[in-house]
Amino acid sequence: MMKSKRLTWLIMSVLLLSMFSFNPFHVSAFNSEDDYPKYEMRAAWISTVTNIDLQPGMDEVEYRAWAESTIEELERKNFNAVIFQVKPTSDALYPSELAPWSKYITGEEQGTDPGYDPLEIMLEITHDYGIELHAWINPYRVTMASDSLDDLHEDNIAVKHPEWVVHHGSQYYLDPGIPEVQDYLIETVEELVEIYDVDAVHMDDYFYPGVDFDDEETYEEYGEEFDDIGDWRRDNVNELVENINLSIKEMKSWVQFGISPSGIWRNVSEDPTGSETNGQGHYDALFADSRYWIQEELIDYITPQIYWSRDLAIASYSVLLDWWSNETKDYDVNLYIGMADYKVNNNFDEAWENPRELPEQILDNRSNDEVKGQMHFTLRDILANEIGYQDIIQEEIYNKKALTPEIAWNGSAAPKQPADVELIREAGGMTINIKHGDEDARKFAIYRSEVGETIDYHNPDNVVGIAYNEGDSVSFFDEEVDFEQLYAYGVTSLSKTGIESIDATEVNEGNINQMKNRVDLLVDEGEIIDTTTARMIDMHLTAIDHFAETGKEDKASKHMTNLTQMLGVMQDQELISDKAKSILHQYANYLLGGWQ
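Definitions and cut-offs
- Residues numbered from 1 in each chain as written.
- Predicted model: local features only at pLDDT ≥ 70, side-chain atom pairs only at ≥ 80, totals over all residues.
- Heavy atoms only, no water.
- Helix = DSSP H or I, 4+ residues; strand = E, 2+ residues; numbered from the N terminus.
- Contact = heavy atoms within 4.5 Å.
- Polar contact = N/O pair within 3.5 Å; in protein donor to acceptor, adjacent residues only side chain to side chain.
- Phe/Tyr/Trp six-rings, centres within 6.5 Å; stacked < 30°, edge-to-face > 60°.
- Buried < 20%, exposed > 50% of the residue type's maximum accessible area, 1.4 Å probe, protein only.
- Pairing = 2+ DSSP bridges.
- Axes fitted to C-alpha atoms, helices over the stretch in contact; angles between N-to-C directions.
- Salt bridge = Lys/Arg side-chain N within 4 Å of Asp/Glu carboxyl O.
- Expected span 1.5 Å × (residues − 1).

Engineer: Just checking my understanding: could you explain the environment of T404 for this structure?
Structural biologist: Within the secondary structure, T404 is located in the loop between α13 (389–397) and β11 (420–426). In this structure the C-alpha to C-alpha distance between T404 and V371, which are 33 residues apart in sequence, comes to 13 Å. Dropping the residues within four chain positions of it, T404 is found in contact with Y39, E40, M41, N80, E132 and K443. Only 2.8 Å separates the side chain of T404 from the side chain of E132, close enough to count as a polar contact. A polar contact is formed between the side chain of T404 and the side chain of K443, at a distance of 3.4 Å.

Engineer: I would appreciate a short explanation of the packing of aromatic side chains in the present structure.
Structural biologist: The description of an aromatic ring pair rests on the distance of the ring centres and on the angle between the ring planes. Evaluated as defined, the whole model comprises 20 aromatic pairs. Each ring, one from Y307 and one from Y342, has its centre 5.4 Å from the other, and the planes form 80 degrees; the classification is edge-to-face. Pair noted here: Y307 is in the loop between β8 (301–302) and α10 (317–328) and Y342 is in the loop between β9 (334–339) and α11 (357–367), with a separation of 35 residues, a long-range link. Overall, the relative accessible area of 9% leaves Y307 in the buried class. Among the aromatic residues, ring-to-ring pairing joins W45, W136, Y307, Y342 and F377 into one connected group.

Engineer: Is there a simple way to think about the sheet that holds strand β15 (residues 473–478) in this case?
Structural biologist: Ordered by their spatial adjacency, three strands build an open sheet running β11-β12-β15, and the pairing between neighbours is antiparallel. The sheet terminates laterally at β11 and β15, the two strands that pair on one side only. Adjacent strand axes in the sheet meet at a mean angle of 20 degrees, parallel and antiparallel pairs treated alike. Where β11 lies against strand β12 (residues 429–435), seven bridges are found, and the strand directions are antiparallel. The residue of β12 that forms the bridge with V421 is I434.

Engineer: Even after reading the chapter, I still don't get the pattern of salt bridges, so can you show me in this structure?
Structural biologist: Opposite charge on two side chains makes pairing possible when the charged atoms of those side chains draw close. Taken as a whole, this structure holds 28 salt bridges when the rule is applied. Here R42 makes a salt bridge to E40, at a shortest N to O gap of 2.8 Å. Accessibility expressed as a relative area gives 2% for E40, which makes it buried. Among the salt bridges present, the one from E527 reaches K579, with a minimum N-O distance of 4.0 Å.

Engineer: Looking at this structure, how should I read unusual backbone geometry?
Structural biologist: The amide bond that connects F377 to the next residue, T378, takes the cis arrangement and shows omega of 0 degrees. Mapping T378 onto the fold places it in the loop between β10 (371–376) and α12 (379–384). Here F287, not a glycine, exhibits a phi torsion of approximately 60 degrees, which is positive. Of note, F287 is situated in the loop between α8 (282–285) and α9 (290–295). Looking at F287, the relative accessible area reads 5%, which means it is buried. Within the chain, I387 stands out as a residue other than glycine whose phi angle is a positive 45 degrees. With respect to the helices and strands, I387 occurs in the loop between α12 and α13. Its relative accessible area of 36% is what places I387 among the partly exposed residues.

Engineer: Any chance you could explain the environment of S367 here in plain terms?
Structural biologist: Positionally, S367 belongs in helix α11. Between the alpha carbons of S367 and D35 there is a distance of 8.7 Å; along the sequence they are 332 residues apart.

Engineer: How should I be thinking about the sheet that holds strand β14 (residues 463–468) in this particular structure?
Structural biologist: Either a parallel or an antiparallel arrangement is found when strands of a sheet pair, and the pairing is made through backbone hydrogen bonds. The four strands are arranged β14-β13-β16-β17 in an open sheet whose pairing can be described as antiparallel. Among the strands making up the open sheet, the edge pair consists of β14 and β17 (505–508). The average angle at which neighbouring strand axes cross in this sheet is 20 degrees, direction not considered. The sheet contact formed by strand β16 (residues 487–495) and β17 spans four bridges and is antiparallel. From the neighbouring strand, V491 faces β17, where its bridge partner is T505.

Engineer: I tried to follow α10 on my own but got confused; where do I start?
Structural biologist: Since the α-helix advances by 3.6 residues per turn, residues separated by three or four positions end up pointing in the same direction. Here α10 spans 17 Å end to end across 12 residues, near enough to the 16 Å set by a 1.5 Å rise per residue. Along α10, the positions that sit buried rather than exposed are Y317, L320, L321, W323, W324, S325, E327 and T328. In this structure, the buried residues of α10 make contact with α8, α9, β8, β9, α11 and β10. The residue sitting at the N-terminus of α10 and contributing the capping side-chain oxygen is S316; that oxygen lies 3.2 Å from the backbone nitrogen of S318.

Okay, structure coming up:
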């Protein structure tokens, strides 16, 4: 404990400095050659169907706590997006006029209202953590294998229109060839996009469930322009994909539309332009022509589910990675890769017993110029961290933050930089208050360096986090700061399509006001013994500030030097701690460097 002594003999030595800030400078004209990309999609699928990742029966408090802990953990692992399944069958995890409540939220009969809005809560929390939410829909699927039509709520579209439903295997599906089905599915997407501030709409790999789908009558009624039923089926899917994208863009041009098909389009044995593989291709088996969607730019991103190891001869990850990158290289469609986290240590083949198989697949993605990131299936496997594979990713690959990739074709204009940035040092970290300079700014990117160092906006080491623009003033809390270190921050604006502002707004702790605030904080932390000692330091700082404000930097420097000597005496007298002296000397030295 420091002794309570009063320095009565100290002569007021004064000094000061005006608020010292950097000039904003150009930050965007750069392509990083670092192994750690500044822009990279790192998404986690959150699967709600059959309650894969979602426990049923949670009340609002429990659900919010689960969502908060889940997103907090993903943000800690430096993920930047979630793919949240909101329509697992012909239902919804939000209040819908077009579909009943999903049973996967309550664990009760379909149509049971949970009493809260799971999507709205998840959206609020993801954006609070600077994470994108892509709303994941399964348009055609009506039931899972364990369900029957009798399990459906009366408001289910399959109950209202049983003539739209086809039984295939042990499940029921909406018939993609019926025009009214397509109209209905587009309406469900429009409802979703209109009400919720989602960043994207996402479809996965379920299209036609198989070649023996019972739709001959539909084909006879609507397929007269096609000689082949397969071509007609693919055209039905193409038409839905195109119309969903058009509908989204007419409502909110920046909202992305992405699809994650299975990993093989066609094998080379089926098409000379296919991949050197021998697995099931979705072109022939599911009637999904993903190459067409790419070439016609009907989607903003494609995420082929390359759920195989690099050693698997019939469907090598490496072979498919190269094939997909070649398919997307000339088009405005971002390529992400679907990662098979669920296969790690699950005896699918020996390669998955190696904890480095999946991490090294990510590194292969980074080595490929066309790949803009990856999406991981699924949440429970990410958190399970089988054989420590996620530790490797977190410590070696996702150990720096990354911004989600740009979608410039939906809008290439750069927003203005933030109008103002304010720092408030607190015991647990730093609060950064941001005022937007452009209402078109959707997010802010926060960068940090030590005071006195130039902020390198191209180095992902300096990215602290992302804050969504949800009002005139936005706050971001940086808890990863050293209490004894002084920092500078730069903040850029990001457009709705991910375009970064040309300039940054910068602010740092190296000024008198921040030094005064730190004195108060040091009192609260017990590093300065009492308020009397703090007031004495504050008086000197006020005088120094006066000299600096009136252009008398020589006097400000002289009195700041005297203050540093006084702090040494205070430390000797145990009125301030070694830590307090060290911190306040940092302020003094930085200010003196600006005046001398």
